[in-house]
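Fold and contact review
Below are the chains, spelled out letter by letter.
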Amino acid sequence: MPDFTFPLTETYVAYGDGSSSDVGSFYGLVLVPESHVAEVESKLQQIKLFHNGKSNLVVHSRELFSEHARAKSGWAHLSYEGAVSLCGDILETVSGFAPKYLLAYVPKSHYPKKFRLKGKNGHSDLVHEINEKWLQLWAFFRIAGLLDPWERIVPEDPKIIPRPKNLPYWNMVIRRTDPGMKVRKIFLDRENTRIPWFSKSLQWISVAKELVVDNTDGPSYLPIEHAVLKKPVMLDIADIFMYSIAREFSGANAIDYGRYCGEVLVEVLPKYGDEIVLGG
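These remarks concern the structure in this document. Quantities reported herein were computed from a predicted structural model and do not represent experimental measurements. (Residues numbered from 1 in each chain as written. Predicted model: local features only at pLDDT ≥ 70, side-chain atom pairs only at ≥ 80, totals over all residues. Heavy atoms only, no water.)

Observations concerning the layout of surface pockets
Put simply, the rule is: Grid spacing is 1 Å over the protein atoms alone, the probe is 1.4 Å, and a cavity is where that probe fits but cannot get out, while a pocket is an open set with protein on both sides within 12 Å along at least five of seven lines and lining residues have an atom within 4 Å of a point. Grid points are joined across faces, edges and corners, and a volume is the space filled by probe spheres set on the points. Numbering goes from the N terminus for both helices and strands, where a helix is a DSSP run of H or I of at least four residues and a strand is a run of E of at least two. The residue classification treats Ala, Val, Leu, Ile, Met, Phe, Trp, Tyr, Cys and Pro as nonpolar and Asp, Glu, Lys and Arg as charged. All others, Gly included, are polar.
Volume-wise, the second largest pocket comes out at about 340 Å³. Lining the second largest pocket are 19 residues, and of these D17, G18, H60, K133 and D189 sit closest to its centre. Only β1 (11-21), α2 (61-64), α5 (132-144) and α7 (235-250) provide two or more residues apiece to the lining of the second largest pocket. The greatest single-element share of the lining of the second largest pocket, amounting to five residues, is contributed by β1. Broken down by class, the residue content of the lining of the second largest pocket amounts to four nonpolar, seven polar and eight charged.

Quick word on α7
The following threshold applies: Helix span, as expected, comes to 1.5 Å for every residue beyond the first. Buried residues are those whose accessible area, probed at 1.4 Å on protein chains only, stays under 20% of the maximum for their type, while exposed residues exceed 50% and partly exposed ones sit between those limits.
With 16 residues, α7 extends 23 Å between its outermost C-alpha atoms, agreeing within 8% with the 22 Å of an ideal straight helix rising 1.5 Å per residue. The element α7 is extensively covered by neighbouring structure, given that 13 of its 16 residues are classed as buried. Directly beyond the C-terminal end of α7, a positive phi value near 85° is found at G251.

Overview of the sheet that holds strand β5 (residues 126-129)
Going by this rule: Whether two strands pair depends on DSSP finding at least two bridges between them. Axes here mean lines fitted to C-alpha atoms, for a helix over just the part in contact, with angles spanning 0 to 180 degrees between N-to-C directions. Contacts are assigned to residue pairs that have any heavy atoms within 4.5 Å of one another.
Strand order in this open sheet of three strands is β5-β4-β15, and the pairing throughout is mixed. Two strands bound the open sheet, and with one partner strand each, they are β5 and β15 (275-278). Pairwise comparison of adjacent strand axes, ignoring direction, gives a mean angle of 15° for this sheet. As paired elements, strand β4 (residues 114-117) and β15 share four bridges and run parallel to each other. Across the sheet, K114 pairs through a bridge with E275, a residue of β15. Each of β4, β5 and β15 is contacted by α5, which is oriented at about 50° to β15, the strand it contacts most.

What follows is the structure, given as structure tokens:
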């Protein structure tokens, strides 16, 4: 098997998307070298024009590979084979710019049912149910924890500056001593779903942005951007990657692009039992 290496001298821009299927929940990141982002964006627009679409037309794989949804979209002129060709051309083109594909996977057989934070000083435990959106968040934490910010974003001390009500009281902190892949920005696809987080209900993206990576330089947030108003064209790559990999894991529904597109670093999250327990 080829060696998946982390070129620590490179700086990347990352694009993320999540997915759940009949086999589990996933979160994936596509890292493109920062120096090539503009060129890759231009080539993606050219590919869309080549396939008789508009250069700014979004590629949403669930829509693209559904006959009925595709018929109502800007890609209505494509057949199923045309949709495969469009996505294959995008993946093949991107592969020429040395991207890195990172994936965290929670198999359905590993699904916990509840999250429990152990109470302290006589306080009761905080317990809530776990759904697939929550598991995608857990997978995001696992894979994003491999990254380092290009420039530190030091978290504020909640003892000095109180936390707003729309943000978590508690951070997910990932500590490591080995260096990660440096990122200038991380763009996450629009994700406004609310999930339970201890005693709160918060937007998925709000909790994801609170991840803290604590390495040899000290604790830092990651440079996460929420694609709210305008979806970056490069998120199309993350969408295709996630949709394709979810179908690949399901076996019978895999899409055959007929060409090599790149290696994927896969982190399989462990089986936690019925509960994920922290604090005790």
